[in-house]
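Structural overview for review
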Amino acid sequence: MSFLRTAASAALVSLPLFAAAPAFAQQDAPDSPPDLTRDTVMVGVGAAVVPSYDGSDKSVITAAPAVRGRVSGINFALLGSRAWADLIADNNGPGWDFQAGPVVNVNLNRTSRIDDVQVAALGKVKTAFEAGGFVGLGKQGLITSDYDKLTIGVSYIHDVGSVHKSYLVSPSINYGTPLSRKAYVLLNLSANYMGNGYAQTYFGVTPGGSARSGLPVYNARKGWKDWTLGAMGNVALTGDLTHGLSAVGGVAYRRMLDDAADSPVVRIAGSRNQWYGAVGLAYTF
């Protein structure tokens with residue numbers, strides 16, 4: 001699933017992907033078997049460069065916090081303004097991994113800083129609280145070792161208030177593999193399909209908004225909003241990937257699509273091409 005629903009959550013394009021990393025043993029012998037039952041909690045913080053709003057051609061720097069954990073085989077994460085939990089326990093060993101659980105998100109797109117005069121003139125959008133769920137299927141021990149993993153999934157979230165009164169469906173595919181006990185890399189490909197209310201709230205231009213901003217009137221409809229390709233790396237600075245301090249970094253490219261790309265908010269005031277980057281530190285207990 002994708003972590004990039006708003007400017008704040010998009011800042012975490014690299015840090016959230018670490019939540020998919022498999023467990024390794026914290027033992028002295030490099031060839032010792034991993035401890036697949038160990039509970040862990042990772043706390044991270046970083047700085048990210050992201051578009052000032054979804055579809056902007058101007059970037060801002062923002063904080064990128066993250067918490068990831070595993071307790072009794074249950075994985076959970078709090079990533080910026082988005083949280084989820086996989087309620088189907090797994091043993092993190094080679095084999096199939098069925099995933100399902102709740103997702104909640106605080107949509108901060110265009111709620112505060114908007115670095116474009118015309119889009120700012122449209123007015124800020126209220127914070128949207130979204131909730132839903134996800135399902136996924138993973139296969140661990142696929143290509144490079146017993147610890148690489150390919151996961152395919154989809155999430156669905158809906159506005160539980162009255163901001164956009166609509167939904168976002170997000171299919172994704174992730175592949176991650178350890179390079180050693182101290183280094184891990186992951187690739188992510190995801191997309192977002194938006195409902196009519198979501199499209200009009202964030203990409204539409206009303207007659208009143210047109211008069212204030214100079215942008216043409218535009219009625220945005222449901223359809224594919226974007227696709228994103230991201231990559232991240234995680235390197236242990238002390239201990240290994242299951243304990244101690246580590247450095248995390250990542251980059252991502254997003255391409256706006258269909259009515260989102262054709263919106264004056266993107267086509268005139270912004271750009272269809274979106275870039276994200278983040279670096280940070282994390283500590284695993």
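In this report, we go over the structure that sits alongside the text. Just so you know, these numbers come straight off a predicted model, no measurement behind them.

1. Quick look at the nonpolar core
Counting 29 residues, the largest nonpolar core has Met194 and Phe203 as its most contacted members. Of all elements in the fold, only strand S4 (74–79), strand S7 (128–140), helix H3 (196–203), helix H5 (258–262) and helix H6 (264–267) reach the threshold of two or more residues within this core. Sorting elements by how many residues they give to this core places H3 first, with four residues. With residues near it in sequence (within four places) discarded, Phe203 still touches Asp54, Arg110, Met194, Tyr198, Tyr218, Ala220, Lys225, Met256, Ala260, Ser263, Val265 and Val266. Counting eight residues, the second-largest nonpolar core is a separate cluster that includes Tyr184, Ala236, Leu241 and Val248.

2. Observations concerning the packing of aromatic side chains
Applying the stated criterion across every chain yields a total of seven aromatic pairs. Each ring, one from Tyr198 and one from Tyr202, has its centre 4.7 Å from the other, and the planes form 50 degrees; the classification is tilted. Taken as a pair, Tyr198 and Tyr202 lie in helix H3 at a separation of four residues, close to a single helical turn. Three or more aromatic residues link up through ring pairs in this structure, and these residues are Trp227, Tyr253 and Trp275. Against the face of Trp96 rests Lys139, its NZ or CZ located 5.8 Å from the ring centre.

3. Notes on the environment of Val217
If you trace the backbone, Val217 turns up in the loop between helix H4 (207–213) and strand S11 (223–236). With 12 residues separating them along the chain, Val217 and Val205 place their C-alpha atoms 4.9 Å apart. What Val217 contacts, discounting residues up to four positions off in sequence, is Val205, Thr206, Pro207 and Ser210.

4. Here we look at the environment of Ser246
Looking at the secondary structure, you find Ser246 in strand S12 (residues 244–256). Residue classification places Ser246 among the buried residues on the basis of a relative accessible area of 3%. Measuring from C-alpha to C-alpha, the distance between Ser246 and Val235 comes to 5.4 Å, with 11 residues separating the pair along the chain. In this structure Ser246 touches Asn234, Val235, Ala236, Leu237, Gly280, Leu281 and Ala282, once residues within four positions along its chain are discounted. Within the local environment of Ser246, its side chain forms a polar contact with the side chain of Asn234, the two groups lying 3.2 Å apart.

So, how was this worked out
- Residues numbered from 1 in each chain as written.
- Predicted model: local features only at pLDDT ≥ 70, side-chain atom pairs only at ≥ 80, totals over all residues.
- Heavy atoms only, no water.
- Core = buried A, V, L, I, M, F, W, Y, C linked by side-chain atoms within 4.5 Å.
- Buried < 20%, exposed > 50% of the residue type's maximum accessible area, 1.4 Å probe, protein only.
- Helix = DSSP H or I, 4+ residues; strand = E, 2+ residues; numbered from the N terminus.
- Contact = heavy atoms within 4.5 Å.
- Phe/Tyr/Trp six-rings, centres within 6.5 Å; stacked < 30°, edge-to-face > 60°.
- Lys NZ or Arg CZ within 6 Å of the ring centre and 35° of its normal.
- Polar contact = N/O pair within 3.5 Å; in protein donor to acceptor, adjacent residues only side chain to side chain.

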